[in-house]
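# Commentary on secondary and tertiary structure
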Amino acid sequence: MGDPNVLEMVQEEERRISREVDYTFNTSEQSLSSRETSFLINEEPVPAKRYNLFLRRRLMFDKDKQSKDSIFFRDGIRQIDFVLSYVDDVKKDGDTKAERRKEFEENLRKTGLELEIEDKMNSEDGRTYFVKIHAPWEVLVTYAEVLGIKMPIKESDIPRPETIPFSFLLGPLKLARNVKHPHPEYFTAQFSRYRQELFLIEDKSSFFPSSSRNRIVYYILSRCPFGTEDGKKRFGIERLLTSHTYSSAYPLHDGQYWKPSEPPNPVNERYILFKNWARFSYFYKEQPLDLIRKYYGEKIGIYFVFLGFYTEMLFLAAMVGLTCFIYGLLSMHNSTSSIEICDPNVGGQIIMCPLCDVVCDYWRLNSTCWASKISHLFDNESTVFFAIFMGIWVTLFLEFWKQRQARLEYEWDLVDFEEEQQQLQLRPEFEAMCKHRKMNPVTKEMEPYMPLCTRLPWYFLSGATVTLWMALVVACMVAVIAYRLSVFATFASFVESETSLKSVKSVLTPQITTALTGSCLNFIIILILNFFYEKISAWITKMEIPRTYQEYESSLTLKMFLFQFVNFYSSCFYVAFFKGKFVGYPGKYTYLFNVWRSEECDPGGCLIELTTQLTIIMTGKQIFGNIQEAIYPLVLNWWRRRKARTNSEKLYSRWEQDHDLETFGNLGLFYEYLETVIQFGFVTLFVASFPLAPLLALLNNILEIRVDAWKLTTQYRRPVAAKAHCIGVWQDILYGMAVLSVASNAFIVAFTSDIIPRLVYYYAYSVNATEPLKGYINNTLSTFLIADLPNNTAPMGKRDLTTCRYKDYRYPPDHELKYFHNMQFWHVLAAKMTFIIVIEHVVFLVKFLLAWMIPDVPKDVLERIKREKLMTVKILHDFELKKLTDDLRIGSTEFAKEFMIQENKAQLAKSTI
């Protein structure tokens, strides 16, 4: 029947509250600092009777029978909005930390928050204390006004956007209406505690959603002071977490994700999200975006909106890319180039010069028959079309995203959004390092200040570190090139000497083998460098001592993106624009470090090697990323629970279950955006070489959405809700990559693909009217006199050959300008440059036209915004007018009563006289 000594506890609580009241009055005149206390509530102390009511209710409450999913204090009434945890540290600064916690918690109570502490003996590991925090109504309404939170004042009369034509075909993809739109739309206004009658308050306990409640509590926690150290006021939960005074601070999930909550707990939105969003079997369903926003806040919600929109737009690009691939597949056997290479009477009679010095022998062109057919899959007439299409697609994607973002701002009440205060708050590390203060011209308060000369050395160190690591990436790429060159020669000689490998020689050519192994090795190096650089970039950004969290995130974004851009794309840029371009010719080859001969492209071009490189890196990164995102938190959480469960008979409470989950962290979304932007680069920068890239990205993103949803819902603590109205700096990065993609794809088609040389031959050099491309392969190969080969490069052994062929446009040995570039070389080069200029101008013209034609904010959204503003002003006007009328009516009634009383008094006085 509850606690046996509850009456004694009631009396003790009355005495404690009486002492708190005295303490509050005695300390009310002491100023903590205008900055730290500007948001503290100066209210009258809460009467002791209220607390007694809560304690008396415990007569009917047995803690041992409390539901494991309870999100309330022991009284079963006050909801837990936030939890702090700590472990007694008697070895290191134990007394200092205890004093900080005591003062911090006292100041939290002064702001109006209510705290309840769970002793370590009640925790499962027997070591951890939990401080449960509840924000009462008075605190919520005050800080809702401070934060400018918009709340409903009237149900909207604006109908939701009409469904698109043939939407019934998308029925299986749709969610239930009560899941997609759990609440009706409302006209909203910034909350004011003096206008509470204006708002639709049916139940005070559920009026503010849990995301708003934990955001308000975190706002207080981040500003609450905890003492003076080194002559400076110290405040904020982040500093206490950094100093390990508290081990964690987090809001609670609604309940267990695999089952709905039981009364008296509110609706378990975590379970609804898991059931309708975080399951892989729902991969084809739309996302419950409003519910995500309501549970996790706008900042996380807008990430999933962006990822979902990007995935939807990828569907069109994937279908067009797949069509181009199928076209290449169907026309592969009709390719004139492949037919000539594979023909024993054409390709079989062409003797090619050795691909490496001494150990490599002469070889026949038809040995690359299989590779030439595969190359045609990606290097055909549709390549140019797809490159142009993707240049237009990326513009449509960015312009339509701006429209989607504008619609989202209206739907989520972000039209008048102001930057989140947490992002602009000074970092504790910055304050700790500052020795100077100066006047803030806006707030007119003294703030910590660090001169530029103090930070300049760290800026130089940061720039030098990023440059050094990018140079390391280039050095690793050169090392992989050296590996391919050395392995190529070894493998070529091995294949020639081993008769057992003759059967696979046509498939596993030295070019293909070294390209595959080199790409795999390059991918492993990329992952290793990326792992170490993430640690170093975070460290070097901290050493720069950024002033605010926003500056910290922007600085880290720049470093990480620059490095990952070089790390992931450098090898692709090398194959696309450098490999095979500066080789030389037999007898006068260029050498890497004067040791290894420069790499040559396959006779069919380097495009197939670029495709191989892109496929391995892009696919490998996506598979590795998804496995890491799914397995890493799962293993960590399992291990943490395994270590913690020492006394299984004790209550494993809601706050302990969440405590054992992995932390999402302030940079959780940063890495998600970074991963998506890097994938966007693969899809756009090199898509001319691999039309299946959008399809791979589409399949990955369908899985990525569910993996991110699953880990956020089941494996991570609930993040603190935060507001955001756009994807921030990532949008500028996407615009930059979109512009760069037009140029890179134009150069790939011109210099890496074989399209332009074929067109030049077709229109200028072909002599066969019925089959214009017949003889093209022979035309692209120049002749070299074997006698001109230096002795130190000629193959071992004598051959009954006088000439060999190599891929280039040069004069034959019997010409007076032998081995110089012939006129066709300059014609092809001119055609390539013309193609780049024309394509870039055409695509950029279409991009600008589309950007001009597509408005940033849709017309219907503008009308809705105007309608809502008009209705909000009207509702506020009517409310204030009614309030004024009531006040005047009450005032006039009281005046009439007073007048009648005075009249009666006067008449009574006269009658007496």
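Keep in mind the model is a prediction, meaning the values are calculated, not measured. Within each chain, residues carry numbers counting from 1 in the order of the written sequence. The predicted nature of this model means local features are confined to residues of pLDDT at least 70 and side-chain atom pairs, given and counted, to a pLDDT of 80 or more, with totals for whole chains, interfaces and linings taken over all residues. Here the side-chain values reflect all heavy atoms present in the structure, with hydrogen atoms and water set aside.

### Examining the sheet that holds strand β2 (residues 114-118)
Which entries qualify depends on this criterion: Think of it this way: DSSP has to see at least two bridges between two strands before they count as a pair. Secondary structure elements follow DSSP: runs of H or I of four or more residues count as helices, runs of E of two or more count as strands, with numbering from the N terminus. Here an axis means a line fitted to C-alpha atoms, over the contact stretch when the element is a helix, while the angle between two N-to-C directions is reported on a 0 to 180 degree scale. Whether two residues are in contact is decided by their heavy atoms: any pair within 4.5 Å suffices.
Within the open sheet, the four strands sit side by side as β2-β3-β1-β8. Their pairing is antiparallel. The sheet terminates laterally at β2 and β8 (248-250), the two strands that pair on one side only. Along the sheet, successive strands turn relative to each other by an average axial angle of 20°, direction set aside. The pairing of strand β1 (residues 82-87) with strand β3 (residues 128-134) spans six bridges and is classified as antiparallel. Paired with Phe-82 across the two strands is Ile-133, which belongs to β3. Where helix α3 (residues 94-110) meets the sheet, it contacts β1, β2 and β3, and its direction lies at approximately 145° from that of β2. Sitting on the sheet, helix α7 (residues 210-221) is in contact with β1 and β3, with an inclination near 50° to β1.

### Considering the side chain of Thr-311
Note the threshold: For each residue, the accessible area found with a 1.4 Å probe, counting protein chains only, is set against the maximum for its type, and the residue is called buried under 20%, exposed over 50%, and partly exposed in between.
Positionally, Thr-311 belongs in helix α11 (residues 298-330). With a relative accessible area of 8%, Thr-311 lands in the buried category. Non-local contacts of Thr-311, meaning those with residues more than four positions away in its chain, are made with Leu-698, Asn-701, Ile-702 and Ile-705.

### A look at the confidence of the model for the chain
Applicable threshold: For every residue, the predictor assigns a confidence score, pLDDT, that lies between 0 and 100.
On average, the chain scores 82 in pLDDT, and the residues at 70 or more come to 85%. Mean pLDDT across the elements of the chain ranges from a minimum in helix α2 (residues 48-57), with 39, to a maximum in β8, with 95. Residue range residues 1-65 is modelled with pLDDT below 50. Its contacts to residues more than four positions away, or to other chains, number 79 contacts.

### Some details on the side chain of Ser-519
Position of Ser-519 among the secondary structure elements: in helix α18 (residues 510-543). By relative accessible area, which is 1% here, Ser-519 ends up buried. Ser-519 has contacts with Thr-612, Gln-613 and Ile-616, leaving out every residue within four places of it along the chain.

### Concerning the nonpolar core
Filter applied, for reference: Side-chain atoms within 4.5 Å link the members of a nonpolar core, which is a set of buried Ala, Val, Leu, Ile, Met, Phe, Trp, Tyr and Cys residues.
One finds Trp-393, Phe-397 and Tyr-569 to be the most contacted residues of the largest nonpolar core, which totals 122 residues. Residue contributions to this core peak at 16 residues, all from α11. If we ignore the near neighbours within four places in the chain, the residues touching Phe-397 are Phe-306, Phe-309, Tyr-310, Met-313 and Phe-680. Grouped together as the second largest cluster of nonpolar side chains are 46 residues, Val-131, Ile-220, Ile-865 and Phe-879 included.

### Topic: a nonpolar patch on the surface
Heads up, the rule is: In this scheme, patches are assembled from residues that exceed 30% relative accessible area and form no salt bridge. Like charges are connected within 9 Å, while nonpolar side chains (Val, Leu, Ile, Met, Phe, Trp, Tyr) are connected within 5 Å. Methods summary: accessible areas were calculated by the Shrake-Rupley approach with a probe of 1.4 Å, and residue burial reflects only the protein chains presented. When a carboxyl oxygen of Asp or Glu is within 4 Å of a side-chain nitrogen of Lys or Arg, the pair counts as a salt bridge.
On the surface, Ile-623, Ile-627, Ile-631, Leu-634 and Val-635 cluster together into a nonpolar patch covering about 430 Å² of accessible area. Residue position: Val-635 is located in helix α20 (residues 607-644). The class of Val-635 is partly exposed, set by a relative accessible area of 45%.

### Considerations on unusual backbone geometry
Only a minority of non-glycine residues have a phi that is not negative, and only a minority of peptide bonds are not trans. Residues other than glycine seldom take positive phi values, yet His-244 does so here, at roughly 65°. Secondary-structure assignment places His-244 in the loop between α8 (237-242) and β8. One non-glycine residue, Asp-413, lies in positive phi territory at about 60°. Looking at the element boundaries, Asp-413 is found in the loop between α14 (382-411) and α15 (421-424).

### Examining the packing of aromatic side chains
Cut-off, in case you're wondering: The rule is short: rings of Phe, Tyr and Trp, with Trp giving its six-membered ring, pair when the centres are within 6.5 Å, and they are stacked under 30 degrees, edge-to-face over 60, tilted in between. Here, a charge over a ring means that NZ of Lys or CZ of Arg falls within 6 Å of the ring centre while also lying within 35 degrees of the ring normal.
Under the counting rule described, the total for this entry stands at 57 aromatic pairs. Pairing Tyr-86 with Tyr-129 gives two aromatic rings, centres 5.0 Å apart and planes at 10°, and the pair type is stacked. A residue pair is termed long-range when its members are at least 10 positions apart, and Tyr-86 in strand β1 and Tyr-129 in strand β3 qualify at 43 residues. Among the residues examined, Tyr-129 registers a relative accessible area of 13% and is labelled buried. Ring centres of Phe-386 and Phe-389 lie 6.1 Å apart, and the angle between their planes is 20°; on these two criteria the pair is classed as stacked. Here Phe-386 pairs with Phe-389, and both are found in helix α14, just three residues apart, close to one helical turn. Residue class for Phe-389 comes out buried when judged on its relative accessible area of 17%. One cation-aromatic arrangement involves Lys-285 over Tyr-282; the distance from NZ or CZ to the ring centre is 6.0 Å. Over the ring of Tyr-589 we find Arg-597, and its NZ or CZ is 3.7 Å from the ring centre.

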